[in-house]
Amino acid sequence: MTQLDGKHALVTGGGSGVGLSIVQALTEAGASVTVTGRNQDALDAAAASSPRISAVPCDVTDPAAVDRLFAAVEADHRGADIVVANAGTAESVPFGKLTLPAWNAMIDVNLTGVFLTMQAGLAGMKDKGWGRIVTIASTAGLKGYGYVSAYCAAKHGVVGLTRAVAVEVAGSGITVNAVCPGYTNTPMLDRTIDNIMEKTGRSRDEAARTLLRANPTGRFIEPEEVAQSVLWLCGPHSGSVTGQALSISGGEI
Ligand SMILES: NC(=O)c1ccc[n+]([C@@H]2O[C@H](COP(=O)([O-])OP(=O)(O)OC[C@H]3O[C@@H](n4cnc5c(N)ncnc54)[C@H](OP(=O)(O)O)[C@@H]3O)[C@@H](O)[C@H]2O)c1
């Protein structure tokens, strides 16, 4: 059933993985969508899949680029009713070897990028009296994992930011929620498995099994499962759901 006719959505990191599935789900539900990221080819491919998808490149760690992105969405679509802060990257390194530049890079994209996206998105929603902000955090925003301390810190920060802003804007018609996937079948997961293989000499199957031990259902999450939860949070019947961190992890959390 179409739920989002007439709404405009912005999805950061929408050219691949979870973000691309969210773009597809929102489009199928009737929304028009601006997709953003750094890789122009991936953005062009997403935009080519539907006349309701348009692409605007943006590095979410660059405040001026985020301002230009939201100015373009305001000019072309009268602002975004739905903002999904999905862009993120994960690097793994033992805590003792985590350098300050590597720490800063993880915080920049995974936390500051969400802050910039959320703040600009909310500013554009104020006069609408309706809005949906969804951050894509992680189970790493709810529990600790070894070798990804900076990523875990950033994702815990995203959950805290989401909860705090939800309280601040409650009653305005705008909801702010986090979605927290466990290991999800995307290019990011492929890179994580490659890294385990390289560091440990394990086969692809063994490396995947190591990660699957975390999930009681014994399988990876599919990006479409995350996207359908985001779609529900963006729908007309979710107005009383705000400040939540929704775990999509097969019972891991
Ligand atoms: N896969 C998992 O197991 C998993 C689990 C829990 C949470 N997550 C979260 O889900 C989100 C999506 O990840 P994914 O698994 O779908 O991985 P992915 O396929 O690598 O997607 C990440 C997206 O983020 C974009 N991005 C990265 N840095 C960016 C920047 N500085 N500015 C703008 N866009 C940027 C990338 O596009 P460009 O390279 O074109 O910029 C890409 O489209 C991330 O926040 C991730 O932390 C993933």
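Higher on the page you've got the structure.
Parameters at a glance
Residues numbered from 1 in each chain as written. Predicted model: local features only at pLDDT ≥ 70, side-chain atom pairs only at ≥ 80, totals over all residues. Heavy atoms only, no water. Helix = DSSP H or I, 4+ residues; strand = E, 2+ residues; numbered from the N terminus. Rg over C-alpha atoms; globule rule 2.2 N^0.38 Å. Buried < 20%, exposed > 50% of the residue type's maximum accessible area, 1.4 Å probe, protein only. Contact = heavy atoms within 4.5 Å. Areas by Shrake-Rupley, 256 points an atom, 1.4 Å probe, with all protein chains shown as cover. Lys, Arg positive; Asp, Glu negative; His and termini not counted. Charge placed at Lys NZ, Arg CZ, Asp CG, Glu CD. Expected span 1.5 Å × (residues − 1). Pairing = 2+ DSSP bridges. Axes fitted to C-alpha atoms, helices over the stretch in contact; angles between N-to-C directions.

Right, let's get into the overall build of the protein. Check the secondary structure of the protein and you find eight helices and seven strands. Relative to its length of 253 residues, the protein is compact, with a C-alpha radius of gyration of 17 Å against a globular reference of 18 Å. Viewed in the frame of its principal axes, the protein has a C-alpha envelope of about 55 × 35 × 35 Å. Scored against the burial criterion, the 253 residues of the protein give a buried share of 47%. At a minimum sequence separation of 6, the contacts of the protein that also span at least 24 residues come to 68%. Roughly 11,700 Å² of accessible area belongs to the protein as shown, and the carbon and sulfur atoms make up 53% of that amount. Put simply, the protein has 19 plus and 23 minus side-chain charges, and the middle of one group is 6 Å from the middle of the other.

An α-helical turn contains 3.6 residues, so a residue and the one three or four places further along point in the same direction. Over its 12 residues, helix H1 (residues 17-28) extends 17 Å from the first C-alpha to the last, a length consistent with the 16 Å expected when each residue adds 1.5 Å. Counting buried positions along H1 yields nine of 12 residues, so the element is predominantly enclosed. Among all positions in H1, only Gly17, Val18, Gly19, Ser21, Ile22, Val23, Ala25, Leu26 and Thr27 are buried. Looking one or two residues beyond H1, the residue adopting positive phi is glycine 30, at roughly 110 degrees.

With that settled, the discussion passes to the sheet that holds strand E2 (residues 32-36). Read across the sheet, seven strands follow the order E3-E2-E1-E4-E5-E6-E7 without closing on themselves; strand pairing throughout is parallel. Strand pairing shows two members of the sheet lacking a second neighbour, strand E3 (53-55) and strand E7 (245-248), which therefore form its edges. Averaged over neighbouring strand pairs, the angle between their axes works out to 20 degrees when direction is ignored. Here strand E1 (residues 8-12) pairs with E2 via five bridges, running parallel. Looking at the pairing, valine 11 lines up with valine 35 of E2.

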